[in-house]
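Residue-level structure breakdown
The residues making up each chain are set out below.
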Amino acid sequence: MSLKITDQCVNCDVCEPVCPNKAISLGREYYEIAPDLCTECVGHHDEPQCVIVCPVECIIPDPEHQESPDALLAKYARLTG
């Protein structure tokens, strides 16, 4: 499942540079995660790096973009080609 950033985001800028897939970008009001690029760091790290560094814990699973671990790994393979 892709992750999403809630409106609790304080735009601290720490999540964007740690995303290995460049899935995080500044939206209109706060940072957003592109579900087609988010693999929850599968293939890169054991844990989602954005979740680890977020000081306000506003990054959560996105129920609208549920994916199995196998699907996340397949997405990783497609993105890294």
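Above: the structure in question.
Residues numbered from 1 in each chain as written. Predicted model: local features only at pLDDT ≥ 70, side-chain atom pairs only at ≥ 80, totals over all residues. Heavy atoms only, no water.

In terms of helices and strands, the chain carries 2 helices and 4 strands. When the helices and strands of the chain are placed in sequence order, the string is β-β-β-α-β-α. Expected size for 81 residues packed as a compact globule is a radius of gyration near 12 Å; at 12 Å, the chain falls within 12% of this value. Principal-axis analysis of the C-alpha atoms places the extent of the chain at approximately 30 × 25 × 20 Å. (Helix = DSSP H or I, 4+ residues; strand = E, 2+ residues; numbered from the N terminus. Rg over C-alpha atoms; globule rule 2.2 N^0.38 Å.)

Among the surface-exposed residues, Val14, Ile52 and Val53 lie close enough to one another that they form a single nonpolar patch of about 210 Å² accessible area. In this structure, Ile52 sits in helix H1 (residues 49–53). (Patch = residues over 30% accessible without salt bridge, like charges linked within 9 Å, V, L, I, M, F, W, Y side chains within 5 Å. Areas by Shrake-Rupley, 256 points an atom, 1.4 Å probe, with all protein chains shown as cover. Salt bridge = Lys/Arg side-chain N within 4 Å of Asp/Glu carboxyl O.)

Bringing the side chain of Thr39 into the picture now. Of note, Thr39 is situated in the loop between strand S3 (31–33) and H1. Separated by 2.8 Å, the side chains of Thr39 and Asn21 make a polar contact. Those residues in contact with Thr39 that lie beyond four places of it in its chain are Asn21, Leu72, Lys75, Tyr76 and Leu79. (Polar contact = N/O pair within 3.5 Å; in protein donor to acceptor, adjacent residues only side chain to side chain. Contact = heavy atoms within 4.5 Å.)

Tracing the sequence through the fold places Pro20 in the loop between strand S1 (3–5) and strand S2 (24–26). When the C-alpha atoms of Pro20 and Pro48 are compared, they prove to be 9.7 Å apart, with 28 residues separating the residues in sequence. Setting aside anything within four residues of it in sequence, one finds Pro20 in contact with Cys41, His44 and His45.

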